[in-house]
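Descriptive analysis of the structure
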Amino acid sequence: MQIKNILFYFSLFFSSSVIAGVTPWIDFEANSGHIKIPVTINGIEGKAILDTGSQINVINSVFISKNQLDFSHGKKYKIQGVFGVNSRSSFNKVPVSIFDTEFILDNLVSAPFGHPNNQIILGAGFFSRFVVQIDYPQSKMRIMSRDAINLKDIKNVKMQPDIGTGKPIVRVKLNNEMSAWLLLDTGNAGGIMIDRKVAKNKQWLEKYSSKSSVSRGVNTVGFTEVFRLPSIKFGPYELENVLTSVPGENQSTNITHQSDIKWSHIKGKKVRGLLGYDVLKHFVVTIDYKRGYMHVIAP
């Protein structure tokens, strides 16, 4: 397949126009539920994590400290994670190589996220440019221009951008008892995480023998209760015994919200939690992040 890769990938970050085409499949590493692809920053090889739940690109402060890197400082951002909000500094003029192409990236927010080999998180700035296809069972992915696929006609998951944040949310049926909008979060290694009020109202914590656990967000750790929900319906598929977590008693989180438009009576969907890797791992997932189209198929 002949594709002008350099121009194609250059437009990934900087261009509003897209060359019609489909890239070859690229192998990725699924580590603790995270999609990781090779990246080089400042000449140092490492991994980039793809995260649909992040509106920004993030550079690992642990990686910066270990390698004693000194980048140009940018403005500060308030970063909302699952378990809190923190003010974080950012860096500009960071040399990044991805897909064998060199970039200089600005506004990389600094935050710690594990091993220094995990160098960067690519969020909305990555996903919004193209249609992204992720083959979870085969651990490979590719990128398409919107001219190469008519995802609107084949979508089979109810998905849309959240009206306030622009993040992708999907409609899921929980245990044949209720439907809920959940944030599609490829950076979440779990199955689903839902509002504690929902689980208590449905008595799921008592019925399905929940156990206490500790989870880590981008800002801090939090306490959760974990159990197996007997079934969820995701698009045309029904999954059984889905790994499910809820915030611990009195544990504050940012997993639920309902956005609105200022100066308008229009309100967005009420988001009840997150949907992550333990559900997605069964499927080939095709996402048009910007337009809110999604197709899944179990190979």
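Let me sum up the structure you'll find in this document. As the structure is a computational prediction, the values presented were derived from the model and not from experiment. (Residues numbered from 1 in each chain as written. Predicted model: local features only at pLDDT ≥ 70, side-chain atom pairs only at ≥ 80, totals over all residues. Heavy atoms only, no water.)

Our next topic: the nonpolar core. By size, the foremost hydrophobic cluster in this structure holds 63 residues, and its most contacted members are M141, L174, F234, L275 and M294. Among residues more than four places away in sequence, those in contact with F234 are V157, V170, V172, L239, L275, V279, L280, F283, M294 and V296. (Core = buried A, V, L, I, M, F, W, Y, C linked by side-chain atoms within 4.5 Å. Buried < 20%, exposed > 50% of the residue type's maximum accessible area, 1.4 Å probe, protein only. Contact = heavy atoms within 4.5 Å.)

Let us look at the environment of F130. Mapping F130 onto the fold places it in the loop between α3 (124-127) and β14 (131-135). Counting along the chain gives 16 residues from F130 to R146, while the straight-line C-alpha distance between them is 6.5 Å. (Helix = DSSP H or I, 4+ residues; strand = E, 2+ residues; numbered from the N terminus.)

What follows concerns the pattern of salt bridges. Should the charged atoms of two oppositely charged side chains come close, the side chains can pair. Going through the model one piece at a time under the given rule, you end up with seven salt bridges. For the salt bridge of D195 with R272, the shortest nitrogen-to-oxygen distance reads 3.7 Å. Of the two residues, D195 sits in the loop between β19 (192-194) and α5 (196-201) while R272 sits in strand β24 (residues 267-275), which places them 77 residues apart along the sequence. The partner of R196 in a salt bridge is E225, with the nearest N and O atoms 2.9 Å apart. In this pair, R196 is assigned in helix α5 and E225 in strand β21 (residues 221-234), connecting sequence segments 29 residues apart. In terms of burial, R196 and E225 fall into one category: buried. A single salt-bridge network, built from bridges that share partners, covers R196, E225 and E249. (Salt bridge = Lys/Arg side-chain N within 4 Å of Asp/Glu carboxyl O.)

Now for the packing of aromatic side chains. Applying the stated criterion across every chain, the model contains six aromatic pairs. What links up through ring pairs into an aromatic cluster is the set F28, Y136 and Y277. Note that K140 overlies the ring of W25, its terminal NZ or CZ placed 4.9 Å from the centroid. (Phe/Tyr/Trp six-rings, centres within 6.5 Å; stacked < 30°, edge-to-face > 60°. Lys NZ or Arg CZ within 6 Å of the ring centre and 35° of its normal.)

Attention now goes to the sheet that holds strand β1 (residues 26-27). Here we have five strands laid out as an open sheet, ordered β1-β15-β14-β25-β26, and antiparallel in their pairing. With one partner strand each, in any of the chains shown, β1 and β26 (293-297) form the two edges of the open sheet. Sheet topology note: the strand β25 (residues 284-288)/β26 ladder contains five bridges and is antiparallel. Across the sheet, T286 pairs through a bridge with H295, a residue of β26. (Pairing = 2+ DSSP bridges.)

What follows concerns the environment of L280. Checked against the element boundaries, L280 lands in helix α7 (residues 277-280). On the accessibility criterion, L280 (1% relative accessible area) is buried. Note: C-alpha distance between L280 and F234 (46 residues apart in sequence) is 9.5 Å. Residue contacts for L280: discarding those within four places in its chain leaves Y136, L184, T186, F234, L275, V285 and M294.

Despite not being glycine, Q68 shows a phi value in the positive range, around 50°. As for its position among the elements, Q68 is in the loop between α2 (61-67) and β6 (72-73). What makes Q68 exposed here is its relative accessible area of 72%. With a phi close to 50°, N241 is a non-glycine residue in the positive phi region. When you line up the elements, N241 lands in strand β22 (residues 237-247).

What follows covers the side chain of N57. Structurally, N57 can be placed in the loop between β4 (44-50) and β5 (58-60). N57 sits in the buried class, given a relative accessible area of 15%. At 3.0 Å, the side chain of N57 and the backbone nitrogen of G123 are in polar contact. (Polar contact = N/O pair within 3.5 Å; in protein donor to acceptor, adjacent residues only side chain to side chain.)

Of the two faces of strand β11 (residues 101-105), only one is covered, namely that formed by T101, F103 and L105; the face formed by E102 and I104 stays uncovered. By the bridge criterion, five bridges tie strand β10 (residues 94-98) to β11 in an arrangement that is antiparallel. Counted as the bridge partner of I98 is T101 from β11.

When you line up the elements, T286 lands in strand β25. Its relative accessible area of 4% is what places T286 among the buried residues. Here the side chain of T286 touches Q133 through a polar contact of 2.9 Å, side chain to side chain. In this view, T286 contacts V131, V132, Q133, I149, L151, Y293, M294 and H295; residues no more than four positions away in its chain are not counted.

Here we come to the pairing of β4. By the bridge criterion, seven bridges tie strand β3 (residues 34-41) to β4 in an arrangement that is antiparallel. Residue pairing in the sheet places V39 in a bridge with G46 of β4. Hairpin geometry of β3 and β4 is characterised by an intervening segment of two residues between the two adjacent antiparallel strands and by a positive phi of about 55° at N42. Strand direction decides the pairing type here: β4 and strand β13 (residues 118-122), joined by four bridges, are parallel.

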